[in-house]
Each structure stands twice: as C-alpha cells, then as structure tokens.
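Listed below are the residues making up each chain.
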Amino acid sequence: MRDDIKTIQIANEVLLPEVVRLTDEGHTVTLPLRGYSMRPFLEDGRDKALLKKPAAIGVGDAVLAEIAPGRYVLHRIVAIEGDAVTLLGDGNLTTEHCRLSDVKATAIGFYRKGRATLDSTSGRKWRLYSWLWTRLRPVRRYLLAAYRRIWLKLFKPI
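The model shown is predicted, which means the values in this text are computed figures rather than measured ones.

Our focus in this paragraph is a nonpolar patch on the surface. A surface patch of nonpolar side chains, amounting to about 460 Å² of accessible area, comprises Ile 150, Trp 151, Leu 154 and Phe 155. Tracing the chain through its elements places Leu 154 in helix α3 (residues 140-154). Here Leu 154 falls in the exposed class, since its relative accessible area comes to 62%.

Listed below in structure tokens is the structure:
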C-alpha cells in the first residue's frame, strides 16, 4: 500500500443519498461496506458492493433500501407482499420493512476478501451461498454465535 494514499470515511447520512443519486442517473457505484448485518459472507471494512438502479427486484436480492428517512440498509429481500418489502440481513435475526419505492439500489455483485474480481449475485457461487443460508434461518442464531465466538477468533477477516 502506498503511504501517500489517504482514506477518509464519510458518514452514511452524507454518502448514501449521493449513491442513490448516482444509481438513479444510471451509474453503477462501488460502495465499501460498513456494519456486520450481512455476516458471515460480507465483512465490515473489508468488502465492497457493486450497486445499480433496480430494474426488477425479487425475493433473495440484496438491495440498498431506505427503511426510515435517512436510514439505509443493505439487506436481502425475504418477502414482497404488494408494496410491502421485508428485509433481513444475513447476520441479523430480526426483519426490517420498507416499501418497494424505498428500494434504492440492487447489488449486482460483491468484491470480497480484498479480491479484485467480482462475485456476481447472478453467479453460481453467490446463488448457492444464498440458497443455503436462507434455508438455515431456523438455526441461524447458533451458526452466527459459533461464527463470532470461534471462527473469527481462529481466522481473523482479511
């Protein structure tokens, strides 16, 4: 890493409306991830999401949604009933809710573990992870506890 490169952190309240504006204009945006709600697959400060304006969304999609004025989450859609969308972070045990119009961007892939190659959300690996993890919801609490207490202590995230 070069010594002359400086990293700054911008508050989500400032950054995310700009991300939404750019995706609304048709741009794709690479967003460094903050928070732990998408563990075990995505890590705070390590991974990045590639976002675009949503065309069609469905259950299982990872989306950037505004769940309250100025409060955004990047979570997976677990249900859509009419205009109501139910979201759940992979590392969360409780759901959050928004309207279809509050879904601001969809993830088309993730740069994980410091890699320069994109794990596409339409790729076989991501679909397999997603299929398996969403079906483990009844035991997710125990898997996440083991991940935090054992896995992270043995294998610190890159």
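So, about α3. With 15 residues, α3 ought to run about 21 Å at 1.5 Å a step, and its terminal C-alpha atoms sit 20 Å apart, in line with that. Most pronounced at Tyr 147, the bend in α3 amounts to some 35 degrees. Of the positions making up α3, those classed as buried are Arg 140, Leu 144, Ala 145, Tyr 147 and Leu 152. Structurally, α3 contributes buried residues whose contacts are with β5 (84-88) and α2 (124-135).

Working note: non-glycine residues mostly have negative phi, and peptide bonds are mostly trans. Of note in the backbone geometry, Lys 113 takes a positive phi value of approximately 55 degrees without being a glycine. Tracing the sequence through the fold places Lys 113 in the loop between β7 (103-111) and β8 (119-120). Among the residues examined, Lys 113 registers a relative accessible area of 34% and is labelled partly exposed.

For the structure on display, the rule yields 9 salt bridges. The salt bridge partner of Asp 90 is Arg 76, with a shortest N-O separation of 2.8 Å. Placement of Asp 90 in the loop between β5 and β6 (96-99) and of Arg 76 in strand β4 (residues 71-81) is noted, with a sequence separation of 14 residues between them. For Arg 76, a relative accessible area of 2% translates into the label buried. Sharing partners across several salt bridges, the network here consists of Glu 18, Arg 21 and Glu 25.

Alternating positions in strand β1 (residues 29-32) separate cleanly, Val 29 and Leu 31 being buried on one face and Thr 30 and Pro 32 remaining unburied on the opposite face. Of the pairings in the sheet, the one linking β1 to strand β2 (residues 48-52) comprises 4 bridges and is antiparallel in character. Across the sheet, Thr 30 pairs through a bridge with Leu 50, a residue of β2.

To continue, consider the layout of surface pockets. Of the voids in this model, the largest pocket is the one considered here, and its volume is about 810 Å³. For the largest pocket, the lining is made up of 35 residues, of which Asn 12, Pro 32, Leu 33, Arg 34 and Gly 35 are closest to its centre. Elements with a minimum of two residues in the lining of the largest pocket: α1 (12-24), β1 and β4. Across the lining of the largest pocket, the residue classes break down as 15 nonpolar, 10 polar and 10 charged.

About the thresholds
- Residues numbered from 1 in each chain as written.
- Predicted model: local features only at pLDDT ≥ 70, side-chain atom pairs only at ≥ 80, totals over all residues.
- Heavy atoms only, no water.
- Patch = residues over 30% accessible without salt bridge, like charges linked within 9 Å, V, L, I, M, F, W, Y side chains within 5 Å.
- Areas by Shrake-Rupley, 256 points an atom, 1.4 Å probe, with all protein chains shown as cover.
- Salt bridge = Lys/Arg side-chain N within 4 Å of Asp/Glu carboxyl O.
- Helix = DSSP H or I, 4+ residues; strand = E, 2+ residues; numbered from the N terminus.
- Buried < 20%, exposed > 50% of the residue type's maximum accessible area, 1.4 Å probe, protein only.
- Expected span 1.5 Å × (residues − 1).
- Bend = angle between axes of the 7 residues up to and from the residue.
- Contact = heavy atoms within 4.5 Å.
- Pairing = 2+ DSSP bridges.
- 1 Å grid on protein atoms, 1.4 Å probe; cavity = no way out; pocket = protein on both sides within 12 Å on 5 of 7 lines; lining within 4 Å.
- Points joined across faces, edges and corners; volume = space filled by probe spheres on them.
- Nonpolar A, V, L, I, M, F, W, Y, C, P; charged D, E, K, R; others polar.

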